[in-house]
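Structural description and commentary
Here are the chains, one letter per residue:
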Amino acid sequence: MKKIYSVLVENRSGVLCKVAGLFSRRCFNIDSLAVGETDDPAVSCMTIVSTGDERTIEQIEKQLNKKLDVIKVRTFDEQISISRELMLVKIKYNRNNRRDVMENCAIMNASIVDMSKHMMLIQICDTPERVQTFLDMLQTISIVEVARTGTLALTKCAESDG
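Think of each chain on its own: its residues are numbered from 1, step by step along the sequence as written. The model is predicted, so local features are restricted to residues of pLDDT at least 70 and side-chain atom pairs to those at 80 or more, both for listing and for counting; the totals for chains, interfaces and linings are taken over all residues. To obtain the side-chain values, all non-hydrogen atoms of the structure were included, while hydrogens and water were left out.

Here we look at the UniProt feature "domain: ACT" (unreviewed entry) in the protein chain
- Under the present numbering, the feature "domain: ACT" (unreviewed entry) in UniProt falls on residues 4–78.
- Only DSSP runs of H or I with at least four residues qualify as helices, and only runs of E with at least two residues qualify as strands; both kinds are numbered from the N terminus onward. Secondary structure content for residues 4–78 is 32% helix and 39% strand, and the end C-alpha separation is 7 Å. UniProt positions are given in the numbering used here, feature names are shortened, and annotations may be inferred rather than shown by experiment.

Encoded structure:
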């Protein structure tokens, strides 16, 4: 079972290390981790994606709530949240595959953000699954470098939001 944790924490040094240490000590796996400041500079939001059985998922939430630097923990099911990931990928291309690369970009709504005579830098922002699909599509081309963010997520909009 995959679960997305949105963890509001105090924005100060050492907090990320403490949270990562919690996962490490208890042998919980982190599939994805993204951290950024919120609209309040004193608060950061950690978006953590983890997988495990129901007991593990429950334990992760309980352990996160025990941390002093943690302000609030919310868990999102994939069905009630919107998640996105950003990937930059640098590829080597030639005359024979240039059109294929451009067609794949158009199909997957990716953008060519930089280009030279034999290299392209492509950006895609989509669900983690579609980002992986795009990367898989590029495997037949010479991939030079890949950089991916962790997953970011928020719950879907509801009239009761406010």
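Concerning the pattern of salt bridges
- Salt bridge, as used here, is a side-chain nitrogen of Lys or Arg placed within 4 Å of a carboxyl oxygen of Asp or Glu. One pass over the full model with this rule turns up seven salt bridges.
- Residues Asp69 and Arg12 are paired through a salt bridge, measuring 2.4 Å at the closest nitrogen-oxygen approach. Taken together, the residues Asp69 in the loop between helix H2 (54–66) and strand S4 (70–76) and Arg12 in the loop between strand S1 (2–10) and helix H1 (15–25) connect sequence positions 57 residues apart.
- Overall, the relative accessible area of 48% leaves Arg12 in the partly exposed class.
- Between Asp69 and Lys18 there is a salt bridge whose closest N-O contact spans 3.0 Å. Taken together, the positions of Asp69 in the loop between H2 and S4 and Lys18 in helix H1 put the pair 51 residues apart, joining distant regions of the chain.
- Three or more residues are tied together by salt bridges with common partners; here these are Glu10, Arg12, Lys18 and Asp69. A simple rule labels every residue: compare its accessible area, found with a 1.4 Å probe on the protein chains alone, to the largest value its type can have, and call it buried under 20%, exposed over 50%, or partly exposed in between.

Some thoughts on the layout of surface pockets
- A 1.4 Å probe that fits into a set of points on a 1 Å grid over the protein atoms alone but cannot get out defines a cavity; an open set with protein on both sides within 12 Å along at least five of seven lines defines a pocket, and lining residues are those with an atom within 4 Å of a point. Grid points are joined across faces, edges and corners, and a volume is the space filled by probe spheres set on the points. By volume, the largest pocket is sized at about 210 Å³.
- Put simply, the parts of the chain that give the lining of the largest pocket at least two residues each are S1, strand S5 (81–92) and helix H4 (128–137).
- By residue number, the principal contributor to the lining of the largest pocket is S5, which donates three residues.
- Partitioned by chemical class, the residues of the lining of the largest pocket number three nonpolar, six polar and six charged. Polarity classes work like this: nonpolar for Ala, Val, Leu, Ile, Met, Phe, Trp, Tyr, Cys and Pro, charged for Asp, Glu, Lys and Arg, and polar for all others, with Gly in that last group.

Re the nonpolar core
- As used in this record, nonpolar core signifies buried Ala, Val, Leu, Ile, Met, Phe, Trp, Tyr and Cys residues forming a set joined through side-chain atoms within 4.5 Å. Of all hydrophobic cores here, the largest spans 16 residues; its most connected members are Met87, Val89, Ile91, Val101, Ile122, Ile124 and Phe134.
- Elements with a minimum of two residues in this core: S5, helix H3 (98–108), strand S7 (119–126) and H4.
- Working rule for contacts: check all heavy atoms of both residues, and any pair within 4.5 Å makes them a contact. Residues within four places of Ile124 in sequence aside, it is in contact with Glu85, Leu86, Met87, Met108, Ala110, Arg130, Val131 and Phe134.
- With 15 residues, the next largest nonpolar core counts Val15, Ile48, Leu64 and Val70 among its residues.

Brief notes about the environment of Gly36
- Here Gly36 lies in strand S2 (residues 32–37).
- Taking relative accessible area as the criterion, Gly36 reaches 29% and is therefore assigned partly exposed.
- Distance in space between the C-alpha atoms of Gly36 and Thr47 is 8.8 Å, their sequence separation being 11 residues.
- In this view, Gly36 contacts Ser44 and Cys45; residues no more than four positions away in its chain are not counted.

Details of the side chain of Thr47
- For Thr47, the location among the structural elements is in strand S3 (residues 43–51).
- For Thr47, a relative accessible area of 3% corresponds to the buried category.
- Contacts of Thr47, omitting those with residues within four sequence positions, involve Ile4, Tyr5, Ser32, Leu33, Ala34, Thr151, Leu152 and Ala153.

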